[in-house]
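Remarks on the overall topology
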Amino acid sequence: MQDMSELWERIRAARASASLTQEEMAEKLGVARPTIGVWETPDPSKRSKPREKMLRRIAEVTGAPYNWLVSESSEIDPEFILQNPDLQSKSLENRLKTQKQSNRKDLERALLELHTMVIEDTISYDDAEVIIALASAIKGRAHKQ
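Residues numbered from 1 in each chain as written. Predicted model: local features only at pLDDT ≥ 70, side-chain atom pairs only at ≥ 80, totals over all residues. Heavy atoms only, no water.

As annotated in an unreviewed UniProt entry, the protein chain is Helix-turn-helix domain-containing protein from Spartinivicinus poritis.

Dropping the structure here:
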């Protein structure tokens, strides 16, 4: 198996690990979507390297350790590569978009079920407290992003 220790591969792996499409990562970083593609392209003649400040933001947005991201000797965990066989292919974007759509449908279904339980008054007081705390925590996280 090929060692994946180039910066472009680590950026792509960090983004995939965070389940972000190129468009979502670009939005979070405040750059154009094609910029992400230029950072991640395997073609060295078309590739550019993000500046240090942007590498720090990439680490922050993806949750990847900054030192791992910029290390020239760091490799991507072979287990992660096995779990993400499309990491180096163009199908990664399609998989991430499909996962997002599926997750959104699952969330919509869960919210509809929850709404029905509220309307039918079948939620216990303890469950209501858990749901309220969870909603508050998610709202707090969303404001930090």
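Residue position: Ala 16 is located in helix H1 (residues 7-17). With residues up to four places along the chain from it excluded, the contact list for Ala 16 reads Phe 80, Leu 87, Leu 92 and Leu 96. (Helix = DSSP H or I, 4+ residues; strand = E, 2+ residues; numbered from the N terminus. Contact = heavy atoms within 4.5 Å.)

Looking now at the packing of aromatic side chains. In this structure the tally under the stated criterion is zero aromatic pairs. If you follow Arg 56 out to its NZ or CZ, it ends over the ring of Tyr 66, 3.9 Å from the centre. (Phe/Tyr/Trp six-rings, centres within 6.5 Å; stacked < 30°, edge-to-face > 60°. Lys NZ or Arg CZ within 6 Å of the ring centre and 35° of its normal.)

Geometrically, a packed helix pair is captured by the angle between its two axes and the distance between the axes. Look at helix H2 (residues 22-29) against helix H3 (residues 33-40): their axes get within 8 Å of each other, and the N-to-C directions meet at 110°. Judged on the interaxial angle alone, H3 and H2 are roughly perpendicular. Seen from H2, the contacting residues are Gln 22, Glu 23, Met 25, Ala 26 and Leu 29; seen from H3, they are Arg 33, Ile 36, Gly 37, Trp 39 and Glu 40. Partitioning the contact of H2 with H3 into residue classes produces five nonpolar, two polar and three charged. (Axes fitted to C-alpha atoms, helices over the stretch in contact; angles between N-to-C directions. Parallel < 35°, antiparallel > 145°, perpendicular 65-115°, else oblique. Nonpolar A, V, L, I, M, F, W, Y, C, P; charged D, E, K, R; others polar.)

This paragraph deals with the UniProt feature "domain: HTH cro/C1-type" (unreviewed entry) in the protein chain. In the numbering used here, UniProt assigns the feature "domain: HTH cro/C1-type" (unreviewed entry) to residues 11-69. The span residues 11-69 is 64% helical and 0% strand by assignment, and the distance between its end C-alpha atoms comes to 7 Å. (UniProt positions renumbered as here; feature names shortened; annotations may be inferred.)

Before going further, it helps to spend a moment on the pattern of salt bridges. With the rule as written, the count across this model stands at ten salt bridges. The salt bridge involving Glu 60 is made with Arg 57; its shortest N-O contact spans 2.9 Å. One end of the pair is Glu 60 and the other is Arg 57, both in helix H4 (residues 52-62) and three residues apart, which spans about a single turn. Owing to a relative accessible area of 28%, Arg 57 belongs among the partly exposed residues under this scheme. We note a salt bridge from Arg 109 to Asp 106, for which the minimum N-O separation is 2.5 Å. Of this pair, Arg 109 and Asp 106 both sit in helix H7 (residues 91-119), separated by three residues, roughly a single helical turn. (Salt bridge = Lys/Arg side-chain N within 4 Å of Asp/Glu carboxyl O. Buried < 20%, exposed > 50% of the residue type's maximum accessible area, 1.4 Å probe, protein only.)

Let's shift gears to H3. In an α-helix there are 3.6 residues to a turn, and that puts residues three or four apart on one side. When H3 is considered as a whole, its buried residues turn out to be Ile 36, Trp 39 and Glu 40. Projected down its long axis, H3 carries its buried residues within an arc of 90°, all on one side. (Arc of directions from axis to C-beta.)

Next up on the list: the nonpolar core. Counting 17 residues, the largest nonpolar core has Ile 11, Met 25, Leu 29, Trp 39, Leu 55, Ile 58 and Leu 69 as its most contacted members. Counting residues per element, the ones that place at least two in this core are H1, H2, H3, H4 and helix H5 (66-70). Ranked by the residues each element gives to this core, the list is headed by H4, at five residues. (Core = buried A, V, L, I, M, F, W, Y, C linked by side-chain atoms within 4.5 Å.)

With respect to the helices and strands, Lys 46 occurs in the loop between H3 and H4. Judged by its relative accessible area of 57%, Lys 46 falls in the exposed class. With ten residues separating them in the primary sequence, Lys 46 and Ile 36 have C-alpha atoms 12 Å apart. Those residues in contact with Lys 46 that sit more than four places away from it in its chain are Val 38 and Thr 41.

The subject of this paragraph is the packing of H1 against H3. Contact geometry for H1 and H3: axes closest at 7 Å, N-to-C directions at 130°. Taken together, the axes of H1 and H3 lie oblique to each other. Contacts from Trp 8, Ile 11, Arg 12 and Arg 15 in H1 reach Ile 36, Trp 39 and Glu 40 in H3. Its residues assigned to classes, the contact of H1 with H3 comprises four nonpolar, no polar and three charged.

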